[in-house]
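Observations on chain architecture
Here are the chains, one letter per residue:
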Amino acid sequence: MTGAAGARQIFLAATGQNRGKTTASLGLFAAFRSRGLDAGFMKPVGQRWITIDDTPADEDAALMRGAFGLADAVALLSPVQIPRGFTRKVIEGQVVEDLGAKIVAAQGELASMHELLLLEGTGHAGVGAVIGLSNADVAALLGAPVIIVSEGGIGRPIDEIVLNAALFAARGVEVAGAIVNKVDLDLQPELPRLLERGLARHGIPLLGVLPYRQILSNPTLAIIEDGLQGETLWPGRDMDAIIGRVSVAAMQPEHVMQRIGEAALVVVPGDREDVIEALAQLWLDGTAHPNRPLGFVLSGGYRPSARVLELIRSADIFAVLMEGDTYSVASKVHDLLVKTHPEDLRKIEEIKRLVAGSLDVDRILAAARPVPVR
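Described in the following lines is the structure provided in the data block. (Residues numbered from 1 in each chain as written. Predicted model: local features only at pLDDT ≥ 70, side-chain atom pairs only at ≥ 80, totals over all residues. Heavy atoms only, no water.)

Next up on the list: the sheet that holds strand 14 (residues 295-299). The five strands lie next to each other as 11-15-14-13-12, forming an open sheet whose pairing is mixed. At either end of the open sheet lies a strand with only one pairing partner, and these are strand 11 (231-234) and strand 12 (245-248). Across the sheet, the mean angle separating the axes of adjacent strands is 25° when strand polarity is ignored. One ladder, built from five bridges, connects strand 13 (residues 264-269) with strand 14; its direction is parallel. Within strand 14, the residue paired with valine 268 across the bridge is leucine 298. Helix-sheet contacts for helix 13 (residues 306-315) involve strand 11, strand 14 and strand 15 (318-321), and the interaxial angle to strand 11 is about 70°. (Pairing = 2+ DSSP bridges. Helix = DSSP H or I, 4+ residues; strand = E, 2+ residues; numbered from the N terminus. Axes fitted to C-alpha atoms, helices over the stretch in contact; angles between N-to-C directions. Contact = heavy atoms within 4.5 Å.)

With that settled, the discussion passes to the packing of aromatic side chains. Using the criterion set out here, one finds one aromatic pair in the structure. A ring pair is formed by phenylalanine 29 and phenylalanine 68, whose centres lie 4.8 Å apart and whose planes are at 55°; its orientation type is tilted. Of this pair, phenylalanine 29 sits in helix 1 (residues 21-34) while phenylalanine 68 sits in helix 2 (residues 59-68), and the two are 39 residues apart along the sequence. Across the pair, exposure class does not vary: phenylalanine 29 and phenylalanine 68 are buried alike. Positioned above the aromatic ring of tryptophan 283 is the side chain of arginine 237, whose terminal nitrogen or guanidinium carbon lies 4.0 Å from the ring centre. Over the ring of tryptophan 283 we find arginine 292, and its NZ or CZ is 3.9 Å from the ring centre. (Phe/Tyr/Trp six-rings, centres within 6.5 Å; stacked < 30°, edge-to-face > 60°. Buried < 20%, exposed > 50% of the residue type's maximum accessible area, 1.4 Å probe, protein only. Lys NZ or Arg CZ within 6 Å of the ring centre and 35° of its normal.)

What follows deals with the side chain of threonine 220. Along the chain, the position of threonine 220 falls in the loop between helix 9 (214-217) and helix 10 (221-228). Here threonine 220 falls in the buried class, since its relative accessible area comes to 7%. Every residue in contact with threonine 220, bar those within four places of it in the chain, is listed here: Met239, Asp240, Ala241, Ile242, Ile243 and Arg346.

See the structure below:
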């Protein structure tokens, strides 16, 4: 085991939700291990959590545990979770537990068992400020340097990174650099150079860009089925097919067919049999129509008639039946699109390859700082 005095750490933050922080965490953790490092992981504060072995754990901590077979106690991987209504209780003085002390204790225990800690934040630098545990507060509490993840473009990522860096700096946190995700290098091969120069004007090193890959943005039908937990009416021809986009069918069939796009998962009320029938027919007419859907998510709990169900089976299209209005169902599907799941092995392997080949891992390791001895 490595004592706390010998362990180093790095804190991975982001400029907002769905910027690619978890993608970077997965890839960097794999890269650290591939270099023979005994790496540990912690998500100090979690907002979306599940239960593992009767212990609450942030979803990202659960992902890392599953993807890498982490043996550390769940309470160390995810020491603090923020359930619904918790913020109100904190403001009203109903929470007396020292949450910061729980995080520091988990850090110390992990540092005693590993030589390198990867700490993952939640959202942008200010998320959690209302309870005194913003990412900037937590990074300062742990004495960890931070790397900020943003995505795409030129102006927006630089603006976002600089804004977040200011809050970290105000808390005395060292900003070690930035990563920009979802960069279309085919369309804009000059972006890495422009981003590096733009960030350098603010004293922030660019530690790499992650190219856009469809498989990293969109899940497979199998992940959608598992995540929605609805009633699968038909599995379709290929549950490993990657969804190109999600379309909400809220118009007449002829307009839907023009607009859904390639490899679409279509969210449509189960009683809109005209739309379902028209889209299923695209698979049955014998031509390779560019807008043939990959599958249906049928909202409202409305089960199609036996005739339409037989049409779905004949067309061999994935279909799952969900309770809830179309908007809430579409929101659930969107949440699944932007998350990585332990079962999505193809996606995780692609992330590992992409990060290893795109980020300056040695420079990131050099930015890690010792865990404070307390």
